[in-house]
Amino acid sequence: MHVVIINGSPRVQKFSNTDKIIQSFVKGLQASGSSYDLYSLSNRKEWDAARASFITHDQIIFALPLFVECVPSIMLEFLETLPTERQLPAQMSFILHGGFDEGHQLRLCERFLQSLPAQLGCTYGGCLVQGGSFLIRMRDDEKMKKTMTKKLDAYTKMGQSFVSNGNFMTTEAGKFTGPEKNPWIVHLLFRLFIKRIVRKNFERFAQQWGCTRPLDDKPYL
Amino acid sequence: MKTIVLNTLEEGCDSEQISTLIKGDDMEIINTSDMKIAHCMGCNLCWLKMPGICAIKDDYEGIIKKLVDAENLWLVSDTRFGFVDWRGKRVMDRIVPMLNMYVEFRDGLERHELRYHPLNFGLLYKGKADQEFLEEWSQRVASNLAGQSLGVYHIRKEGKPCM
């Protein structure tokens with residue numbers, strides 16, 4: 001199987017969480033004997049080649065982060081440049097991720113993605129949905145390393161699964177999302193303890209980035 | 001109640017038409033078609049390096065400053081693939097500095113804290129789209145901004161709303 005992967009994130013590849021997810025996923029593809037081409041929409045110079053590959057291949061995966069409850073605007077712009085009819089049948093599948101860990105947050109975008117392939121003359125190959133990806137960028141932080149390595153390794157397994165099943169329409173892919181919403185006990189623990197820890201972590205990251213203002217600063221008041 | 005209307009249409013609905021569709025005592029319509037606005041690049045600098053300030057220096061900074069004084073935000077957008085088109089989505093993706101990095105539970109879901117105050121959100125759209133989908137999207141956008149959805153309305157060809 002040869003898979004065309006298009007990274008729909010606007011963030012430059014070097015810092016893209018989506019790219020980290022893709023890199024883990026393709027390890028699984030390669031381990032199962034498949035090959036791939038990767039294009040990143042954050043680099044406009046790759047758009048023509050990405051479009052040409054979309055038209056001439058039959059296995060296409062868009063990987064994207066959730067932006068304001070749906071697809072990032074840069075990816076919507078790219079999608080508008082694609083032909084709506086095609087001669088070669090193709091399957092479009094998706095890897096959708098987001099900062100928050102609740103599956104529910106990603107479901108509306110997933111619904112949009114389900115409706116998309118038919119509008120581009122393709123069939124739908126399912127959507128791999130998982131949140132909690134904000135910290136991927138912080139994986140060099142010692143405290144986050146273990147959790148994030150485990151998270152990314154799970155994508156490698158899904159790469160293998162994609163090759164053996166040919167799509168993400170499997171029980172395994174369905175379960176990949178994890179909880180739809182946090183149970184009440186998490187809400188309680190969050191209020192009591194976790195919130196403070198999370199705030200401290202964010203403040204630590206900000207300090208590493210050279211931030212000198214409070215994170216809840218109101219610069220335009 | 002200050003209302004900001006972001007009109008992202010390339011053509012087909014001018015300020016006069018919009019002001020007959022959306023009622024507001026203190027309303028400002030901003031036509032974004034001739035403004036320089038880039039896609040949000042998800043750099044997170046507005047959350048972690050220069051809190052509240054977007055790293056992209058273009059015409060959107062003026063919009064953020066206006067939103068800080070507003071209570072209602074309307075998006076006027078064309079549609080594609082059943083959803084708002086990339087021009088409409090682009091001005092929404094750039095709204096991130098209105099929130100901050102901290103998280104809390106709101107309406108039972110993880111949400112970012114508001115940097116300023118709640119914003120209500122409404123949508124006027126042109127073209128063929130999935131009304132039900134847009135209603136849920138607007139609801140979710142409003143919920144992120146801790147505001148209410150002001151509704152989703154289809155602008156008919158002759159510029160009349162389907163209200």
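To be clear, the structure that these remarks concern was listed above.
Because the structure is a prediction, the values reported are computed rather than measured.

Asks: I'd like to hear about the overall build of chain B, residue by residue, with values.
Replies: Scanning chain B from N- to C-terminus turns up five helices and nine strands. Scanning chain B from its N terminus toward the C terminus, one meets helices and strands in the order β-α-β-α-α-β-β-β-α-β-β-β-α-β. The globule rule puts the C-alpha radius of gyration for 163 residues at 15 Å, and the 15 Å found for chain B is close to it. The C-alpha extent of chain B, read off along each of the three principal axes, is 45 × 35 × 35 Å. Counting all 163 residues of chain B, 47% fall into the buried class. For chain B, the share of sequence-separated contacts (at least 6 apart) that also reach a separation of at least 24 residues comes to 61%.

Asks: Give me the lowdown on the sheet that holds strand β2 (residues 35-40) of chain A, citing residues and values where you can.
Replies: Residue and element names in this part refer to chain A. Read from one edge of the open sheet, five strands run β2-β1-β3-β4-β5, paired in parallel fashion. Every other strand in the sheet has two partners, leaving β2 and β5 (123-130) as the edge strands with one partner each. Strand-to-strand twist of the sheet, defined as the mean angle between neighbouring strand axes without regard to direction, takes the value 20 degrees. Bridge count between strand β4 (residues 91-97) and β5: six bridges; the pairing is parallel. Among the inter-strand pairings, Leu-96 is bridged to a residue of β5, identified as Val-129. The sheet strands contacting helix α1 (residues 17-31) are β1 (2-7), β2, β3 (59-65) and β4, and the helix crosses β3 at an angle near 145 degrees.

Asks: Explain the interface of chain B and chain A to me, and be specific about the residues and the numbers.
Replies: With 40 residues of chain B at the interface, the matching set in chain A holds 45 residues. Of all the secondary-structure elements, those providing two or more residues to the side of chain B that touches chain A are α3 (60-67), α4 (86-93), β6 (99-106), β7 (109-114) and α5 (131-144) of chain B. Of the residues belonging to the side of chain B that touches chain A, the class tally is 22 nonpolar, six polar and 12 charged.

Asks: Before we move on, can you summarise the packing of α1(A) against helix α5 (residues 142-165) of chain A with the specific residues and values?
Replies: Residue and element names in this part refer to chain A. Orientation of α1 relative to α5, taken along the N-to-C sense of each, is 45 degrees, at an axis distance of 6 Å. Considered as vectors, α1 and α5 are oriented oblique to each other. As α1 runs across α5, the sense of the crossing is right-handed. Along the contact surface, α1 presents Lys-20, Ile-21, Ser-24, Phe-25, Val-26, Lys-27, Gly-28, Leu-29 and Ala-31, while α5 presents Leu-152, Asp-153, Tyr-155, Thr-156, Lys-157, Met-158, Gly-159, Gln-160, Phe-162 and Val-163. Of the residues assigned to the contact of α1 with α5, the class counts are 10 nonpolar, five polar and four charged.

Asks: Kindly report on the sheet that holds strand β2 (residues 26-31) of chain B, identifying the contributing residues and their values.
Replies: Residue and element names in this part refer to chain B. Spatial ordering of the open sheet is given by β2-β1-β3-β8-β9, a layout of five strands whose pairing is parallel. Lying at the two open borders of the sheet, with one neighbouring strand each, are β2 and β9 (149-155). Averaged over all pairs of adjacent strands, the angle between strand axes in this sheet comes to 15 degrees, irrespective of strand direction.

Asks: With reference to specific residues and values, describe the packing of helix α3 (residues 73-80) of chain A against α4(B).
Replies: Closest axis-to-axis distance for the α3(A)/α4(B) pair is 8 Å, and the angle between their directions is 170 degrees. Relative to α4(B), the element α3(A) is oriented roughly antiparallel. Note on element contacts: α4(B) touches α3(A) through Trp86(B), Lys89(B), Arg90(B) and Asp93(B), opposite Ser73(A), Leu76(A), Glu77(A) and Glu80(A). Tallied by class, the residues present in the contact of α3(A) with α4(B) amount to two nonpolar, one polar and five charged.

Thresholds applied
Residues numbered from 1 in each chain as written. Chains lettered and ligands numbered in written order. Predicted model: local features only at pLDDT ≥ 70, side-chain atom pairs only at ≥ 80, totals over all residues. Helix = DSSP H or I, 4+ residues; strand = E, 2+ residues; numbered from the N terminus. Rg over C-alpha atoms; globule rule 2.2 N^0.38 Å. Buried ≥ 20, exposed ≤ 12 C-beta atoms within 10 Å, placed from the backbone. Contact = placed C-beta atoms within 7 Å. Pairing = 2+ DSSP bridges. Axes fitted to C-alpha atoms, helices over the stretch in contact; angles between N-to-C directions. Nonpolar A, V, L, I, M, F, W, Y, C, P; charged D, E, K, R; others polar. Parallel < 35°, antiparallel > 145°, perpendicular 65-115°, else oblique. Left-handed = near helix turned anticlockwise from the far one by under 90°.

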